[in-house]
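Structural characterization, general
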Number of protein chains: 2
Amino acid sequence: MRKLNSSDSNFYSSLDELLSFDATLSPEIESRVAAILADIKSRGDAAVIEYTNRFDRREVKEIGELEVSQEELKAAFDRLPSHEQQALQTACERVRKYHQHQKQASWQYTDEDGTLLGQQITPLDRVGIYVPGGTAAYPSSVLMNAIPAHVAGVPEIIMVSPLRGGAEQDRVMGAAWLAGVTRIFTIGGAQAVAALAFGTETIPAVDKITGPGNAYVAAAKRQVFGQVGIDMVAGPSEILVICDGKTNPDWVAIDLFSQAEHDEVAQAILLCPDEAYITAVEQSIEKLLPEMPRAEIIRTSLKNRGALIKVADLDDACAIANRIAPEHLELSVEEPTLLAAKIRHAGAIFMGAFTSESLGDYCAGPNHVLPTARSARFSSPLGVYDFQKRSSLICVSPDGAHALGQVADILATGEGLPAHALAARLRVRTE
Amino acid sequence: MRKLNSSDSNFYSSLDELLSFDATLSPEIESRVAAILADIKSRGDAAVIEYTNRFDRREVKEIGELEVSQEELKAAFDRLPSHEQQALQTACERVRKYHQHQKQASWQYTDEDGTLLGQQITPLDRVGIYVPGGTAAYPSSVLMNAIPAHVAGVPEIIMVSPLRGGAEQDRVMGAAWLAGVTRIFTIGGAQAVAALAFGTETIPAVDKITGPGNAYVAAAKRQVFGQVGIDMVAGPSEILVICDGKTNPDWVAIDLFSQAEHDEVAQAILLCPDEAYITAVEQSIEKLLPEMPRAEIIRTSLKNRGALIKVADLDDACAIANRIAPEHLELSVEEPTLLAAKIRHAGAIFMGAFTSESLGDYCAGPNHVLPTARSARFSSPLGVYDFQKRSSLICVSPDGAHALGQVADILATGEGLPAHALAARLRVRTE
C-alpha cells in the first residue's frame, strides 16, 4: 500500500495523481446506447421485450410478464427470515425519519407595497428508480432511492431492476414493498432507462431517474438528461479516514476494507499525524486481509488506489480532506465536532470511532447515495430536495406595479428589449 | 398566429407538436469545443490569449489585459446616468432580499440512543458566471447569477464576459460591481468555460459555472459537467398566459410580445375560455405589432411557435399548463391564488393582471433563470440553494453503535459485503 507524507515537496502532485481516475466514456457504448434509446422510443413495449429477452436471456412473450404486483412484493417480504425483516424495517424507519427533516415547505412574504413573493414547493409527479441486478441488487439501494421520493410526496415511484429470482430478489422486492414503491418492472440496462424516460404503452414516462448502474445505464442516463432529470452519474466509491491515532487500528483497517471491497477501483485513504499508528494500521491490514472473503478485490483496490498518508497535524489533515472532497469521510478522533467544522467538502462525515461508514451505508438514517470524484465541492447527498421542485410566486400589487414598472422600464430599455419595457410601463399609473 | 381549441379530438397531439423543439447538438460544434477544452487545459493562459484574439478579434499580448479591476468596475457604474444607477440598485436590493429567504442553514438532531444526525450546509468555494457579450450582455443576468452566489456566502465569484466597450459594457460592469463579483475576465466562448473549469496560471478554477451562452458555450458547459457543476443548459424562452378574459387585451398582447421579442424560436401561448376575448387579443396583436421595434422577430416567433388556445374553463387551462410546464406562467385572472394552487409545474408564476413577466425579469425579486423545455417538471429556478451544498453528519454513540451495528451486520451480510458487516460488528458490545 502506497505511503505518502504531506511534508514532502511533491506531495500535492502525488496526491492529485492518486486521485485521478479516467472516467472517459466509451464512444462504442455511447452509440450502442443511442440506438437502443431510439428503438425503445419508437417501438415501445415490443422493443422492451426484445432487448430484455436478448440481454437478460429471458423468454418473455407479453409485457405483463415483466411487471411484479404489490402482492408479490409483500409475499417476497414475508418469505425473508424474520431477522432480515426486522433489520430492513429498522433501516426503513430510521432512513424515513432522517429524511423527513429534509422536506421543504412553500414560503412567501409580502413587501411594503403589498406585493406577494415566495416559492411554491411541490413533489415531482412520477420518478423512476434503477436498481442493478445480480449480486449488486442491493436492498439498501432501494431504500435509499425510494424513501426520499416517498417522503417528498411523489405519488408514483416506478422501479426497474433486471431481477433473476432467489434470495437477492426477495430482499430487493421486500425492500421495495417497505419503501413504498408503486410499480416494479423486471427490466434493466439502457432499455429500462429509455422506457422510463420516454414511456411505452405499458411503462409510464417519469420525470426523473435515479439510481446506480453499469456503463450502459450510466450512458443512457446521461443521454436522456434534459428529457428527464437524473441524479449524478456516480464514479468509484471512496473513503477517507482521518485518525488521531487513538482508535483501535483493527477498526480503521476494517473500515478501509469495507470501502475497498466494493470493487478494484474503489479508493481507501488514511490520514494520520502519528507515524507509529500508521505502522500499526499497516500491520492490522496485513493480519486481517487474509481472513476477508473478498480479499483479492480489497488487495487490488488498496494496492492501486489506496494510501496511508502521514500528515503534520489534524488541521493539515482537514486541509487535505477539503482538497480530496471525499464521498465518505471518517473523523476517527476524540473531538470530531471541532474537526467537522473545518470540513468544507465531503459527501458524508462519520464522526468518532464508533461511527463506521457501514452504519451510515445501511441504517443510521442519512442517504448512502453521495457525491463521488470530488463532486462534493458542488453537490450533495441524494435527498428529499431532489424529489421536490420550486416555482417562484410573484403577485405584484397595483402600487408595486407602479414602482417596479418604472425600474423595469429603465432596465429593459437599457438592454434593448422594448416590449419588456412597454409591458412594465403599461402597469405604471399615469394620472 | 395558430389557433387551437382544447375540445378538439386531436388537441393534445397538436399541442405536443407545437411544444416540440429540436435541441439536437451539432457534432461539429461538439468536436470543435472538445478541442478547445483540451487546448486550454494543457496550455492555459497562452491558449486563452490565442483563442480570444482569434474569435473576439482582439490584440491581447498579456493575460493581465483580460482582467478588469474593481476600480474599473466602480468607474463603469459611476459613468451610468443616475436613473440607471438607481434602477440597478433597486433591482439589486430587491433580488438580494428575496434570495435571503432561500438561504438554508445546517440542522441536526439527536436520537434516543444519543446518536447525532444532520446536515452541514456550506457555500461553494468559488463559482464562475458566464455573461454573453454583444447585445445579449444583460446587466440583469449579472444580478440574477451573482446575487444568489453572494447571498449563499460564496467567497469568490469569477465572471467571464467577452465585453467590447461602450454603454452595454458599463451597464454589465456596473451590475457586477453592485452584485459583489470578485474578479472579471473579458473572455468568452468555450475557451472561457474551459479556463473556469480547469483553471490557468491566472484564471482560478471554479467549482460550478452558471449563466447563459451560445451553442459553443452550452456545449462546453455540458462537456465540463462532472469536473465542475453547471446550471441547466437553457432552451428557448417561453411564456404561457392564462387569462379569464378580464385583463386589458393590449396588456396580454404586449406580454406575449415581451417573450417573443427574445428570439425567433421563443414561444408565447395564450389559454383563455372566452372566444371573444381571444379575438380581442388577436386584434391587439395586429394593432400593436407594427409599432414594436423588434416587430420582425416577434412576428416570426408568434407565427412559428405561438398559439391562442380556447379552453373549456380555467381548470382545463391549469391541466394544459401542467402538461406544458412553462418557464413563465402568467395567471392574468381575478383570483390568481386559487389557480396557483392548481399549478404543479412552472418555473415562475406571475399572479394577477398587474404582474407582467417583465417585472419579474428585472426587479420583483425572484430569479429570472428558470427551467425551460418542460424541465419545470423536475427542476427549479436558479437560487441560493444552487450555491450551497450539504454534507451528511453522523455521530453514532456507543449505545447507537451497539444497536445499529447488529442491523447493519444483517443487511451487509445479505448483500454479500462481509467487510461492511465486520466493521459494524466490531462496534457491537460483546460482554
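Residues numbered from 1 in each chain as written. Chains lettered and ligands numbered in written order. Predicted model: local features only at pLDDT ≥ 70, side-chain atom pairs only at ≥ 80, totals over all residues. Heavy atoms only, no water.

Description of the overall build of chain A
Per the secondary structure count, chain A includes 17 helices and 15 strands. The principal-axis extent of the C-alpha atoms belonging to chain A is close to 85 × 60 × 45 Å. In chain A, which comprises 431 residues, the proportion classed as buried is 60%. Element-wise, carbon and sulfur atoms account for 50% of the exposed surface of chain A, whose accessible area totals about 15,900 Å². Of note, chain A has its 39 positive side-chain charges centred 2 Å away from the centre of its 56 negative side-chain charges. (Helix = DSSP H or I, 4+ residues; strand = E, 2+ residues; numbered from the N terminus. Buried < 20%, exposed > 50% of the residue type's maximum accessible area, 1.4 Å probe, protein only. Areas by Shrake-Rupley, 256 points an atom, 1.4 Å probe, with all protein chains shown as cover. Lys, Arg positive; Asp, Glu negative; His and termini not counted. Charge placed at Lys NZ, Arg CZ, Asp CG, Glu CD.)

Details of the relation of the copies chain B and chain A
For the pair chain B and chain A, the relating rotation is 180°, the translation along its axis is 0.0 Å, and the fit reaches an RMSD of 0.0 Å. The superposition operator between the copies reduces to a two-fold rotation axis. (Least-squares fit on C-alpha atoms with pLDDT ≥ 70 in both.)

Some remarks on the environment of Glu-65 of chain B
Residue and element names in this part refer to chain B. Within the secondary structure layout, Glu-65 lies in the loop between helix H3 (45-55) and strand E2 (67-68). Between the C-alpha atom of Glu-65 and that of Ala-87, which follows or precedes it by 22 residues, the distance is 30 Å. Beyond its immediate sequence surroundings of up to four residues, Glu-65 is in contact with Arg-58, Glu-59, Val-60 and Thr-186. (Contact = heavy atoms within 4.5 Å.)

With respect to the domain arrangement of chain A
Residue and element names in this part refer to chain A. Once the domains are mapped, chain A shows domain 1 (2-23 + 235-364), domain 2 (27-230) and domain 3 (396-426). Contacts between domain 1 and domain 2 engage five residues on the former and five residues on the latter. Roughly 440 Å² is buried in total at the junction of domain 1 and domain 2, and carbon and sulfur atoms are behind 53% of that figure. If you sort the residues of domain 1 by the area they bury against domain 2, Tyr-362, Cys-363 and Ala-364 come out on top, with a joint share of 74%. Where domain 1 meets domain 2, there are zero salt bridges. Our count for the contact surface shared by domain 1 and domain 2 stands at two residue pairs in polar contact (both at pLDDT 80 or more). Residue composition of the side of domain 1 that touches domain 2, by class: three nonpolar, one polar and one charged. (Domains from an automatic or database assignment. Buried area = accessible area lost by both parts, 1.4 Å probe. Salt bridge = Lys/Arg side-chain N within 4 Å of Asp/Glu carboxyl O. Polar contact = N/O pair within 3.5 Å; in protein donor to acceptor, adjacent residues only side chain to side chain. Nonpolar A, V, L, I, M, F, W, Y, C, P; charged D, E, K, R; others polar.)

Thoughts on the environment of Glu-65 of chain A
Residues and elements named next belong to chain A. The partly exposed category is assigned to Glu-65, whose relative accessible area is 41%. Sequence spacing of Glu-65 and Pro-204 is 139 residues, and the spatial spacing of their C-alpha atoms is 16 Å. Within polar-contact distance, the side chain of Glu-65 engages the backbone nitrogen of Lys-61 at 2.9 Å.

Regarding the UniProt feature "binding site: NAD(+)" (unreviewed entry) in chain A
Residue and element names in this part refer to chain A. In the numbering used here, UniProt assigns the feature "binding site: NAD(+)" (unreviewed entry) to Tyr-130, Gln-191 and Asn-214. The largest pairwise C-alpha distance within this set of annotated residues, which runs over 85 residues, is 12.7 Å, so the set is compact in three dimensions. Note on placement: Tyr-130 falls in strand E5 (residues 126-130). Once you skip the residues sitting within four places of it in the chain, Tyr-130 turns out to touch Val-160, Pro-162, Gly-188, Gly-189, Ala-192, Val-193, Thr-210, Gly-211, Pro-212, Gly-213 and Val-217. (UniProt positions renumbered as here; feature names shortened; annotations may be inferred.)

Brief notes about the packing of helix H8 (residues 189-198) of chain B against helix H9 (residues 215-224) of chain B
Residues and elements named next belong to chain B. Two numbers describe how H8 lies on H9: the axes approach to 8 Å, and their chain directions differ by 25°. In terms of orientation, H8 and H9 fall into the roughly parallel class. For H8 against H9, the interelement crossing comes out right-handed. The residues of H9 that touch H8, namely those facing Gly-189, Ala-190, Val-193, Ala-197 and Phe-198, are Tyr-216, Val-217, Ala-220, Lys-221 and Val-224. Within the contact of H8 with H9, the residues separate by chemical class into eight nonpolar, one polar and one charged. (Axes fitted to C-alpha atoms, helices over the stretch in contact; angles between N-to-C directions. Parallel < 35°, antiparallel > 145°, perpendicular 65-115°, else oblique. Left-handed = near helix turned anticlockwise from the far one by under 90°.)

Some words on the packing of aromatic side chains
Residues and elements named next belong to chain A. All chains considered together, the criterion is met by 14 aromatic pairs over all chains. Between Tyr-51 and Phe-55, the ring centres sit 5.7 Å apart and the planes meet at 20°, which makes this aromatic pair stacked. In this pair, Tyr-51 and Phe-55 are both assigned in helix H3 (residues 45-55), four residues apart and thus about one turn of the helix distant. You can call Phe-55 partly exposed: its relative accessible area is 36%. (Phe/Tyr/Trp six-rings, centres within 6.5 Å; stacked < 30°, edge-to-face > 60°.)

Observations regarding the packing of helix H5 (residues 82-100) of chain A against helix H16 (residues 398-414) of chain B
Their axes nearest at 9 Å, the elements H5 of chain A and H16 of chain B cross at an angle of 120°. Every pair of crossing elements has a handedness; the one defined by H5 of chain A and H16 of chain B is left-handed. Contacts from His-83, Glu-84, Ala-87, Leu-88, Thr-90, Ala-91 and Arg-94 of chain A in H5 of chain A reach Leu-404, Val-407, Ile-410 and Leu-411 of chain B in H16 of chain B. Its residues assigned to classes, the contact of H5 of chain A with H16 of chain B shows seven nonpolar, two polar and two charged.

Quick notes on the pairing of strand E4 (residues 116-123) of chain B
Working note: regular strand, side chains alternate between the two faces of the sheet. Residue and element names in this part refer to chain B. Within E4, seven of the eight residues are buried, leaving the element largely enclosed by the surrounding structure. Where strand E3 (residues 107-110) meets E4, four bridges bridge the pair, whose relative direction is antiparallel. From the neighbouring strand, Gln-108 faces E4, where its bridge partner is Gly-118. Joining the antiparallel neighbours E3 and E4 is a turn of five residues, in which Gly-114 adopts a positive phi near 85°. Strand direction decides the pairing type here: E4 and strand E15 (residues 388-395), joined by eight bridges, are antiparallel. When the bridges of E15 are listed, Gln-119 appears paired with Ser-392. (Pairing = 2+ DSSP bridges.)

Brief notes about the UniProt feature "binding site: Zn(2+)" (unreviewed entry) in chain A
Cross-referencing UniProt, the feature "binding site: Zn(2+)" (unreviewed entry) maps to Gln-259, His-262, Asp-361 and His-420 of chain A in the present numbering. Of the residues just listed, which span 162 residues, the most distant C-alpha pair is 55.7 Å apart, and they do not cluster in one region. Here Asp-361 of chain A lies in helix H15 (residues 357-362). Given a relative accessible area of 7%, Asp-361 of chain A falls into the buried group. Along the chain, His-420 of chain A turns up in helix H17 (residues 418-426). On the basis of relative accessible area, His-420 of chain A is assigned to the buried category, the value being 1%. Discounting residues that sit within four places of it in the chain, His-420 of chain A has contacts with Ala-412 of chain A together with Ser-258, Glu-261, His-262, Glu-357, Ser-358, Asp-361 and Tyr-362 of chain B.

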